[in-house]
Amino acid sequence: MAVFSATTTAEAVVPHQRSSIWDALIDPALVGRMTPFVKRIEDRGEHWVWSMAGLEVLGAGFSPTFTERMTLKEQERIEFHHDPAAGAKERAGVTGWYDLREVDGGTRLETSMEICVSLPLPRAAGPAVRTAMKGVMATMGDRFAKNLLEHLAKG
């Protein structure tokens with residue numbers, strides 16, 4: 001087993017009120033429905049437990065479940081850090097943040113995240129694994145953004 005990681009950042013001006021975007025991003029059930037490859041997100045207070053559908057990276061398939069500690073700064077920032085229960089072994093985790101600021105035309109939404117996965121592949125596969133991870137992350141990000149905009153348009 002080797003641990004591989006990839007990062008992504010994004011920013012956009014979303015033509016909606018910050019409070020509407022905030023409400024969507026702090027609703028784990030809604031985030032789960034809007035995020036590709038997610039089966040569900042369970043709200044356990046300051047932790048969210050993510051259960052993913054089957055993913056495949058270079059022929060290594062897995063369906064990770066991972067625990068994120070959520071830190072919210074009302075209407076401004078959401079931070080999340082991989083925080084499994086003591087003694088728990090999780091093969092994936094994410095650390096990152098969302099930042100929301102009011103601007104002309106809507107809300108500037110910025111995000112940064114690092115995803116780490118443990119896979120039964122040699123470390124030498126790192127460049128190929130990171131490329132595959134970045135592809136999956138780009139697809140997830142594009143579809144999440146589309147789903148968020150559709151949700152916000154319904155008002």
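Since we're looking at a predicted model, the values are computed, not measured.

K.L.:
When you look at the sheet that holds strand E3 (residues 47-52) in this model, what are you seeing that I'm missing?
P.N.:
By way of backbone hydrogen bonds, the strands of a sheet pair with one another, either parallel or antiparallel. The sheet built from seven strands is open, its strands ordered E1-E9-E8-E7-E6-E3-E2 with antiparallel pairing. Each having just a single partner strand, strand E1 (2-14) and strand E2 (38-44) make up the two edges of the open sheet. Strand-to-strand twist in this sheet, taken as the mean axis angle between neighbours without regard to direction, amounts to 20 degrees. Taken together, the four bridges between strand E7 (residues 77-82) and strand E8 (residues 92-103) define a ladder with antiparallel strand orientation.

K.L.:
How should the packing of aromatic side chains be read in this particular structure?
P.N.:
Centre-to-centre distance and the angle between the planes together describe a pair of aromatic rings. Taken as a whole, this structure holds two aromatic pairs when the rule is applied. For the pair tryptophan 50 and phenylalanine 66, a centre-to-centre distance of 5.9 Å together with 10 degrees between the ring planes defines the contact as stacked. Of this pair, tryptophan 50 sits in strand E3 while phenylalanine 66 sits in strand E6 (residues 65-73); the two residues are 16 residues apart in sequence, bridging distant segments of the chain. Judged on exposure class, the residue tryptophan 50 and its partner phenylalanine 66 are both buried. Considering the side-chain rings of phenylalanine 80 and tyrosine 98, the 6.0 Å spacing of their centres and the 50 degrees angle between planes classify their relative orientation as tilted. Taken as a pair, phenylalanine 80 in strand E7 and tyrosine 98 in strand E8 lie far apart in primary sequence, 18 residues in all. By the burial criterion, phenylalanine 80 is buried, and tyrosine 98 matches it.

Rules behind the numbers
- Residues numbered from 1 in each chain as written.
- Predicted model: local features only at pLDDT ≥ 70, side-chain atom pairs only at ≥ 80, totals over all residues.
- Heavy atoms only, no water.
- Pairing = 2+ DSSP bridges.
- Helix = DSSP H or I, 4+ residues; strand = E, 2+ residues; numbered from the N terminus.
- Axes fitted to C-alpha atoms, helices over the stretch in contact; angles between N-to-C directions.
- Phe/Tyr/Trp six-rings, centres within 6.5 Å; stacked < 30°, edge-to-face > 60°.
- Buried < 20%, exposed > 50% of the residue type's maximum accessible area, 1.4 Å probe, protein only.

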